[in-house]
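So the chains spell out like this:
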Amino acid sequence: GCAFNQPDPIDPNDIKRSVVFGYFDMDDAPSWGGIDWVSVKQYRPKKGYFSAAVEDGLFYHIGVPNGSFQVDEFGRQTRFYSNTRYTYNFGSKGRNQTARKIKKPGVYYMGSYKYKAIDSGSFFKPDNFEMIKTKEPTEKVLLKKLLKIMQADSDLSIYTHQIRRMKKRLQRLSKKRRKK
């Protein structure tokens, strides 16, 4: 799923690696059907790309090293009914909204976003889009969904530290909610 096209091989047992995740609502996009790939770019200390797994708008990667990351591109490869490949550039000229700096191994939320079309005003120019940051689904909701995905894997033993860290992050999120 999420362990290809990396600058170096991913070992899911490597406790020095982090989990990153986020969400894209693509209901209003021309690629109808959501997305099925997300490219996460590491721009410091070295450059490289990590292919995130995607499930119902939730994207995640279970083994990114320390460094600075952001979503670079995402899209959808249509199936039997078309040979169209939709590619959306999140904006890699400088930092974008998804940018996260990972200083120590953990669980990092890149945010939830909704696709919004921007009419170019001309039939001869392609329309543009922007990704609007949203409050729903929340980090907690997505983290619970990701935890279920990880726990449903047939070989849980390889995700021990990821699951432990996600549960710990959920506990912190629950404590924050109770304090408000």
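Note that the structure is a prediction, hence the values are computed from the model and not measured.

So, how was this worked out
Residues numbered from 1 in each chain as written. Predicted model: local features only at pLDDT ≥ 70, side-chain atom pairs only at ≥ 80, totals over all residues. Heavy atoms only, no water. Helix = DSSP H or I, 4+ residues; strand = E, 2+ residues; numbered from the N terminus. Buried < 20%, exposed > 50% of the residue type's maximum accessible area, 1.4 Å probe, protein only. Polar contact = N/O pair within 3.5 Å; in protein donor to acceptor, adjacent residues only side chain to side chain. Contact = heavy atoms within 4.5 Å. Pairing = 2+ DSSP bridges. Expected span 1.5 Å × (residues − 1). Arc of directions from axis to C-beta. Salt bridge = Lys/Arg side-chain N within 4 Å of Asp/Glu carboxyl O.

Student: Provide a residue-level description of the side chain of S112, including the pertinent values.
Tutor: Mapping S112 onto the fold places it in strand 8 (residues 107-118). For S112, a relative accessible area of 0% translates into the label buried. Polar side-chain contacts of S112 include one of 2.7 Å to the backbone oxygen of P137. Contacts of S112, omitting those with residues within four sequence positions, involve Y23, I132, K133, T134, E136, P137 and L142.

Student: Give me the lowdown on the pairing of strand 8, citing residues and values where you can.
Tutor: Sheet topology places strand 1 (residues 18-25) next to strand 8; six bridges connect them, and they run parallel. Considered in strand 8, the bridge of F21 is made with Y109. Of the pairings in the sheet, the one linking strand 8 to strand 9 (residues 128-134) comprises seven bridges and is antiparallel in character. The partner of K114 across the bridge, within strand 9, is I132.

Student: Can you tell me about helix 1 (residues 139-152), naming the residues and giving the values?
Tutor: Given a rise of 1.5 Å per residue, 14 residues ought to cover 20 Å, and the 20 Å separating the end C-alpha atoms of helix 1 matches this to within 8%. Residues of helix 1 that are buried include every one of E139, L142, L143, L146, L147, I149 and M150, and no others. Seen along its axis, helix 1 keeps its buried residues to an arc of 160°; they face one direction. Helix 1 presents K148 and A152 as exposed residues on the side facing more than 90 degrees away from its buried surface.

Student: Please provide a residue-by-residue account of the pattern of salt bridges, values included.
Tutor: Applying the stated rule across the entire model yields six salt bridges. Where K114 meets D25, a salt bridge forms, and the shortest distance between an N and an O atom there is 3.4 Å. In this pair, K114 is assigned in strand 8 and D25 in strand 1, connecting sequence segments 89 residues apart. A relative accessible area of 18% places D25 in the buried class. Measuring nitrogen to oxygen at the nearest pair gives 3.2 Å for the salt bridge that ties K114 to D28. Of this pair, K114 sits in strand 8 while D28 sits in the loop between strand 1 and strand 2 (37-44), and the two are 86 residues apart along the sequence. K114 sits in the partly exposed class, given a relative accessible area of 27%. Classification of D28 as partly exposed rests on a relative accessible area of 48%. It is possible to trace a salt-bridge network through shared partners that takes in D25, D28 and K114.

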